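Okay, here's what each chain looks like letter by letter:
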Amino acid sequence: MRPVSVWQWSPWGLLLCLLCSSCLGSPSPSTDPEKRAGSQGLRFRLAGFPRKPYEGRVEIQRAGEWGTICDDDFTLQAAHVLCRELGFTEATGWTHSAKYGPGTGRIWLDNLSCSGTEQSVTECASRGWGNSDCTHDEDAGVICKDQRLPGFSDSNVIEVEHHLQVEEVRIRPAVGWGRRPLPVTEGLVEVRLPDGWSQVCDKGWSAHNSHVVCGMLGFPSEKRVNAAFYRLLAQRQQHSFGLHGVACMGTEAHLSLCSLEFYRANDTARCPGGGPAVVSCVPGPLYAASSGQKKQQQSKPQGEARVRLKSGAHPGEGRVEVLKASTWGTVCDRKWDLHAASVVCRELGFGSAREALSGARMGQGMGAIHLSEVRCSGQELSLWKCPHKNITAEDCSHSQDAGVRCNLPYTGAETRIRLSGGRSQHEGRVEVQIGGPGPLRWGLICGDDWGTLEAMVACRQLGLGYANHGLQETWYWDSGNITEVVMSGVRCTGTELSLDQCAHHGTHTTCKRTGTRFTAGVICSETASDLLLHSALVQETAYIEDRPLHMLYCAAEENCLASSARSANWPYGHRRLLRFSSQIHNLGRADFRPKAGRHSWVWHECHGHYHSMDIFTHYDILTPNGTKVAEGHKASFCLEDTECQEDVSKRYECANFGEQGITVGCWDLYRHDIDCQWIDITDVKPGNYILQIVINPNFEVAESDFTNNAMKCNCKYDGHRIWVHNCHIGDAFSEEANRRFERYPGQTSNQII
């Protein structure tokens, strides 16, 4: 099983990077300390728990006194400057709310504002040295790129005082080691120390301790074990105890945060009268089937979840959204910490939280922000049980949406898939491992019908994030000596954790196109776009126009009219069109770009523009039971940044054969008065209907979330006028509210309340 790395905290026993800033402030370190006068007298170090050598709480020594930095107004640009002060090339992230534990002493800097190009932190704006209104619960940390500045010397790292640390934790089955199905949920608790793996003495071991260990290993809860069985077993086995006196409160995110003691090397009597600590963890619903506990999980009645994660690249991570008054909304990141994040993770069936994310690190939501200043103790069963503040419009923005990364059980799924032949580890021909009859063997996947949804599952199983492309031909990637196709007919919904959970042909493979050149491949990415339609604008701008046929020749050429238009008496007569504006936002973490390059765009002479995607949007009129009575489609004849948020610059413009796309934080507006921005309802009879708009309907371009690509509205058409109301994104309502929407009987009058 894969162990979870943790470090023991001791305020004096950490590996501290004490870096002389006169050597490390710039890519070309100067031997003359006077050239770094800005940082004269300052020293920097990384501290805290649990952490790796290139991350931690930032501490600064000034006038002989060590202190911290407050996270107010802290940005990635400030992290870049501090990482260079610490001897690293750049920052890859930063943390808030004392993720690495609260520091001690002074808080030297507050409201730190850097552009990212400063040679020293002293060149950044702030409230002044020692002037702060923060507490140490707001200490900032940085995550630096694990790459040193040229000229960095190991002599700049000072190891203060070495103490034993709990580096990794695992559960080892007492019997059948190596033959148990994954994930392993019950067994002896073992910690890895410098001299190897050791057991933990169970004297004083409590359910709180088990709760912390299970959370670290990806399980939401624990259950009692058969103590008599393990006592009897312990008498027949030899044990090596390295840890005792563990006392957790149950709310810790890591075992290293609990009170604990190590045995000394000269301790001869270890754990007298005791035995090895044992835990039994309860897996969440996603992992219950593989661990043989599915029946037990299903026996518990479960209502609709009131918390969910959106837009995460990996299972157990994403933007936190909560259900209030039948509508989903986000959580503001003010005072968001590991305790609150762990409550969310356990509520969703994962372990404790690895990270509490702020600043919309998992993309911005849209719509309501339901909660702010959530303060959990860590013992709550639901985020809604935590004290919180009901938010008002001016309190928070979606740029402050909170997110989480949860601990997950180790299933070994990533060991059954690999990529070959690609230019990097994120791309290549997909190879899967199958067993029987005979030994395990690697093979290829037939490329027939392989698309974005299948590629999303493959990238998720590989641990490589999202899928940029799902490829049906991979002749340009060398397959090596693997030539056998072992899987075909793969069809995924996009939510599966591994390819073997998708539908496929089984042991007998069938390929329309044979040969290794027609096998499946992927290109994965840690980021993806996320398109969302502004539903309120559709409702506000919808109206009917009777448009003369002589003005619709170009629209007919692009198939924007109903099929009955072909038999109309051109150019006489008219078509009845339901017009509306659509404003499409990119709220993801990568630009939305057409799948096809400019060389393959199609020029349409009539309208005088290029189509980068043949079908970008579907427009449909449905009966309440889902029957389609009118349809339209929109080609992406101009994907561009119409407007952007204040701090975002436009990148895409269609003029002069320019690049097409939608930048993160921007939106593309298709006005109601342009061609094809309609549904031809000439043949629709009066009645109550559903207006449905679906963006990127064929999943041509990968997104972090496809569930929010559809928008629906109720509408009443009396033959002359139309009333459009109750417009909402497909996943914005609760399940019950969606059922009410679908059972909506329609308007008996033209008055809409």
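Bear in mind the structure is a predicted one, so any value in this text is a computation, not a measurement. (Residues numbered from 1 in each chain as written. Predicted model: local features only at pLDDT ≥ 70, side-chain atom pairs only at ≥ 80, totals over all residues. Heavy atoms only, no water.)

(A) View of the overall build of the chain. The helix and strand tally for the chain stands at eleven helices and 44 strands. Out of the 753 residues in the chain, the part that is buried amounts to 54%. A sequence separation of at least 24 residues applies to 72% of the contacts in the chain between residues at least 6 apart. Here the chain displays about 33,900 Å² of accessible surface, and carbon together with sulfur accounts for 49% of that area. (Helix = DSSP H or I, 4+ residues; strand = E, 2+ residues; numbered from the N terminus. Buried < 20%, exposed > 50% of the residue type's maximum accessible area, 1.4 Å probe, protein only. Contact = heavy atoms within 4.5 Å. Areas by Shrake-Rupley, 256 points an atom, 1.4 Å probe, with all protein chains shown as cover.)

(B) Representation of helix H8 (residues 452–462) in the model. The buried fraction of H8 amounts to eleven of the eleven residues, a majority that puts the element mostly inside the structure. Regarding H8, the residues found buried are Thr452, Leu453, Glu454, Ala455, Met456, Val457, Ala458, Cys459, Arg460, Gln461 and Leu462. Summarising the contacts, the buried residues of H8 are in contact with strand S25 (417–421), strand S28 (466–471) and strand S30 (521–525). Glycine 463 sits one or two positions beyond H8 and adopts a positive phi of about 75°.

(C) Structural view of the side chain of glutamate 55. Counting through the fold element by element, glutamate 55 comes out in strand S5 (residues 55–62). Separated by 2.6 Å, the side chains of glutamate 55 and tyrosine 100 make a polar contact. Sequence-distant contacts of glutamate 55, defined by excluding residues within four places in its chain, comprise Leu46, Tyr100, Val142 and Ile143. (Polar contact = N/O pair within 3.5 Å; in protein donor to acceptor, adjacent residues only side chain to side chain.)

(D) Structural view of the pairing of strand S44 (residues 722–729). Counting buried positions along S44 gives seven out of eight residues, so the element sits mostly inside the fold. Where strand S43 (residues 710–717) and S44 come together, six bridges link them in antiparallel fashion. Bridge pairing in S44 links asparagine 714 to histidine 725. The turn joining S43 and S44, which pair antiparallel and follow one another in sequence, is formed by four residues; a positive phi near 95° is taken by glycine 719. (Pairing = 2+ DSSP bridges.)

(E) Quick look at the pattern of salt bridges. On inspection of all chains with the given rule, the structure shows 36 salt bridges. Residue arginine 319 is joined to glutamate 321 by a salt bridge in which the shortest nitrogen-to-oxygen separation is 3.1 Å. Per residue, the accessibility class of arginine 319 equals that of glutamate 321, and both read buried. For glutamate 545, the salt bridge identified is with arginine 547, shortest N-O distance 2.9 Å. Taken individually, glutamate 545 and arginine 547 each receive the classification buried, so the pair is uniform in this respect. (Salt bridge = Lys/Arg side-chain N within 4 Å of Asp/Glu carboxyl O.)

(F) Examining unusual backbone geometry more closely. In this structure, proline 571 follows tryptophan 570 across a cis peptide bond, with omega equal to 0°. Phi is positive for aspartate 73, which is not a glycine, with a value near 65°. If you trace the backbone, aspartate 73 turns up in the loop between strand S6 (65–69) and helix H2 (76–85).

(G) Quick look at the nonpolar core. Counting 37 residues, the largest nonpolar core has Phe616 and Leu691 as the members making the most contacts within it. Counting residues per element, the ones that place at least two in this core are strand S31 (531–533), strand S37 (617–622), strand S42 (687–695), S43 and S44. One finds Tyr287, Val307, Val320 and Val343 within the second-largest nonpolar core, a separate group that totals 26 residues. (Core = buried A, V, L, I, M, F, W, Y, C linked by side-chain atoms within 4.5 Å.)

(H) Representation of the sheet that holds S31 in the model. Taken together, four strands build an open sheet; the order of strands is S31-S34-S40-S39 and the sheet is antiparallel. A strand with exactly one partner marks an edge of an open sheet, and here the two such strands are S31 and strand S39 (643–644). Pairing geometry for S39 and strand S40 (residues 666–670), over two bridges, is antiparallel. Considered in S40, the bridge of cysteine 644 is made with cysteine 666.

(I) The sheet that holds strand S41 (residues 678–680), seen in detail. In spatial order, the strands read S32-S33-S41; together these three strands make up an open sheet with antiparallel pairing. Every other strand in the sheet has two partners, leaving strand S32 (543–548) and S41 as the edge strands with one partner each. Sheet twist, expressed as the average angle between the axes of neighbouring strands with direction ignored, equals 35°. Inspection of the sheet shows strand S33 (residues 574–579) paired to S41 by three bridges, in the antiparallel sense. (Axes fitted to C-alpha atoms, helices over the stretch in contact; angles between N-to-C directions.)

(J) Focus on the packing of aromatic side chains. Inspection of the entire model under this criterion finds ten aromatic pairs. With a centroid separation of 5.1 Å and 80° between ring planes, the pair formed by phenylalanine 229 and tyrosine 230 is classed as edge-to-face. Under the relative-accessibility criterion, phenylalanine 229 is labelled partly exposed at 37%. Judged by its relative accessible area of 12%, tyrosine 230 falls in the buried class. Seen from their ring centres, tryptophan 475 and tyrosine 476 are 5.1 Å apart, and the 75° between their planes marks the pair as edge-to-face. (Phe/Tyr/Trp six-rings, centres within 6.5 Å; stacked < 30°, edge-to-face > 60°.)

(K) Here's a closer look at the confidence of the model for the chain. On average, residues of the chain score 83 in pLDDT, and 86% of them reach the 70 mark or higher. Segment residues 1–38: pLDDT under 50, and 118 contacts once partners within four positions in sequence are set aside and those in other chains are kept. Low pLDDT, under 50, characterises residues 154–163; the stretch is placed with 19 contacts to residues that sit more than four places away or in other chains. (pLDDT = per-residue confidence, 0-100.)

(L) Helix H3 (residues 207–216), seen in detail. Taking burial as the measure, the ten residues of H3 include eight buried ones, the bulk of the element. Those residues of H3 lying buried are Asn209, Ser210, His211, Val212, Val213, Cys214, Gly215 and Met216. Of the residues one or two after H3, glycine 218 is the one with positive phi, at around 95°.

(M) Structural view of the side chain of aspartate 705. With respect to the element layout, aspartate 705 can be found in the loop between S42 and S43. Side chain to side chain, aspartate 705 and lysine 310 meet in a polar contact 2.9 Å long. Look past the residues within four positions of aspartate 705 in its chain and what remains in contact with it is Lys310, Ser311, Asp530 and Asp731.

(N) How the structure looks around the state of the cysteines. Using the criterion set out here, one finds 15 disulfides in the structure. The partner cysteine of cysteine 214 in its disulfide is cysteine 281, sulfur to sulfur 2.0 Å. Residues cysteine 214 and cysteine 281 are joined through a disulfide that is left-handed, its torsion about the S-S bond being -85°. With cysteine 214 in helix H3 and cysteine 281 in strand S17 (residues 278–282), the pair connects residues that are 67 residues apart, well separated along the chain. Judged on exposure class, the residue cysteine 214 and its partner cysteine 281 are both buried. Residue pairing for cysteine 644: its cysteine sulfur links by disulfide to cysteine 666, the two sulfurs lying 2.0 Å apart. For the disulfide bridge between cysteine 644 and cysteine 666, the dihedral angle about the S-S bond is near 100°, and by the sign convention the bridge is right-handed. Of this pair, cysteine 644 sits in strand S39 while cysteine 666 sits in strand S40, and the two are 22 residues apart along the sequence. Accessibility expressed as a relative area gives 15% for cysteine 644, which makes it buried. With relative accessibility at 1%, the residue cysteine 666 sits in the buried group. Here cysteine 715 stays unpaired: no disulfide links it, and the sulfur of cysteine 713, its closest cysteine neighbor, is 7.5 Å away. (Disulfide = S-S within 2.5 Å.)

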